[in-house]
Amino acid sequence: MDLFSRSWTALRTAVAEVPDEDFERPSGCTGWLVRDLVCHLVIGAQDVLITLVTPAGSEPTVDAVTYWGIVEPPTGEDPLDALIPRLAAAYGEPRWLKFHFDDVGSAAGRAARLADPTARVSTRDEVLAVGDFLSAYVLEWTLHHLDLIAHLPSAAEPPAEPLAAVRTTLEKIAGTPFPASFSDKDALLVGTGRRAPTDEEKAALGDFAGRLPLVIG
């Protein structure tokens, strides 16, 4: 739960520090501007709030790792993906999007701190402990932090601890560790297809390179 707070606080701070003019820059999510990504994060914060008040009485069906799976790459035809840019544009000025994100994001952070990590909640037709749910979201926040700053070289990067934790999660999902020569950031960027591996990295990956990218959903 500490990693959730650290990754979420870092991401919220990074969004707050993005100059208004940079909301029109591309993000690391193909086809989305920075403003579109921030709008997606608003929905993510809402999901956290909704899930934390959706108790479940049955046994857990997933944990922090199995909550995620490898899915097909996005085609751009998903209705929600197409809706996000329209919602983001409807805010007009970046300050209103920043305000909404800070408002909902602050509430999600408080709710996470107050939640019982042993309680069970339901989301996506699955049941899991609150602690596992929040741990799973460290992956979401950290990858999207990298997306946020993909074309903003002066922006602050995600903290080291969440980067290392998400690398471990990704390796568990894949069932294969990344080479020790990979930094945590590079393991995430290359592993999820956010950038192509160099020839040297391909050689270090060996057969694992043929299984990349790992599209997580």
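The structure under discussion appears in the preceding block.
Below: a short report on this structure. (Residues numbered from 1 in each chain as written. Predicted model: local features only at pLDDT ≥ 70, side-chain atom pairs only at ≥ 80, totals over all residues. Heavy atoms only, no water.)

1. Things to note about the side chain of Lys-98
Argument step 1. Residue position: Lys-98 is located in helix α4 (residues 94–114).
Argument step 2. Of note is the side chain of Lys-98, whose polar atom sits 2.7 Å from the backbone oxygen of Val-18.
Argument step 3. Setting aside residues up to four positions removed in sequence, Lys-98 forms contacts with Val-15, Ala-16, Val-18, Asp-20 and Phe-23. (Helix = DSSP H or I, 4+ residues; strand = E, 2+ residues; numbered from the N terminus. Polar contact = N/O pair within 3.5 Å; in protein donor to acceptor, adjacent residues only side chain to side chain. Contact = heavy atoms within 4.5 Å.)

2. Observations regarding the packing of helix α5 (residues 130–148) against helix α7 (residues 184–191)
Argument step 1. Put simply, α5 and α7 touch, their axes get as near as 11 Å, and they point 85° apart. Classified by the interaxial angle, the pair formed by α5 and α7 is roughly perpendicular. The segment α5 lies against α7, with Thr-142, Leu-143 and Leu-146 engaging Lys-185, Leu-188 and Leu-189.
Argument step 2. Class assignment for the residues of the contact of α5 with α7 results in 4 nonpolar, 1 polar and 1 charged. (Axes fitted to C-alpha atoms, helices over the stretch in contact; angles between N-to-C directions. Parallel < 35°, antiparallel > 145°, perpendicular 65-115°, else oblique. Nonpolar A, V, L, I, M, F, W, Y, C, P; charged D, E, K, R; others polar.)

3. Considerations on empty space enclosed by the protein
Argument step 1. According to the stated counting rule, one finds 1 cavity of 30 Å³ or more in the structure shown.
Argument step 2. The space that makes up the largest cavity amounts to roughly 50 Å³.
Argument step 3. When contributions to the lining of the largest cavity are tallied by element, the ones reaching two or more residues are α3 (79–90) and α4.
Argument step 4. Looking at the lining of the largest cavity, its residues break down into 6 nonpolar, 1 polar and 3 charged. (1 Å grid on protein atoms, 1.4 Å probe; cavity = no way out; pocket = protein on both sides within 12 Å on 5 of 7 lines; lining within 4 Å. Points joined across faces, edges and corners; volume = space filled by probe spheres on them.)

4. So, the layout of surface pockets
Argument step 1. By volume, the largest pocket is sized at about 1300 Å³.
Argument step 2. Around the largest pocket, the lining is made up of 37 residues, and of these His-40, Pro-74, Asp-81, His-144 and Ile-216 lie nearest the centre.
Argument step 3. Counting only elements with at least two residues in the lining of the largest pocket, the list comes to α2 (34–52), α3 and α5.
Argument step 4. Per element, the largest residue contribution to the lining of the largest pocket is 6 residues, and it comes from α5.
Argument step 5. Here the residues of the lining of the largest pocket are counted per class, giving 18 nonpolar, 11 polar and 8 charged.
Argument step 6. One number sums up the size of the second largest pocket: a volume of about 180 Å³.
Argument step 7. Every residue lining the second largest pocket is counted, 13 residues in all, and those nearest its centre are Leu-146, Ile-149, Ala-150, Lys-185 and Leu-189.
Argument step 8. When contributions to the lining of the second largest pocket are tallied by element, the ones reaching two or more residues are α5 and α7.

5. A few points about α3
At 3.6 residues per turn, the α-helix brings residues three or four places apart onto the same side.
Argument step 1. An ideal rise of 1.5 Å per residue puts 16 Å on 12 residues; α3 measures up with 17 Å between its terminal C-alpha atoms.
Argument step 2. One or two positions beyond α3, positive phi appears at Gly-92, with a value near 75°. (Expected span 1.5 Å × (residues − 1).)

6. Focus: a nonpolar patch on the surface
Argument step 1. Residues Leu-80, Leu-83 and Leu-87 make up a contiguous nonpolar surface patch of roughly 220 Å² in combined accessible area.
Argument step 2. Looking at the secondary structure, you find Leu-87 in helix α3. (Patch = residues over 30% accessible without salt bridge, like charges linked within 9 Å, V, L, I, M, F, W, Y side chains within 5 Å. Areas by Shrake-Rupley, 256 points an atom, 1.4 Å probe, with all protein chains shown as cover. Salt bridge = Lys/Arg side-chain N within 4 Å of Asp/Glu carboxyl O.)

7. A look at the environment of Val-15
Argument step 1. Tracing the chain through its elements places Val-15 in helix α1 (residues 2–16).
Argument step 2. For Val-15, a relative accessible area of 1% translates into the label buried.
Argument step 3. For the pair Val-15 and Leu-152, spaced 137 residues apart in the sequence, the C-alpha separation amounts to 11 Å.
Argument step 4. Those residues in contact with Val-15 that sit more than four places away from it in its chain are Phe-23, Val-38, Leu-41, Lys-98, Phe-101 and Leu-148. (Buried < 20%, exposed > 50% of the residue type's maximum accessible area, 1.4 Å probe, protein only.)

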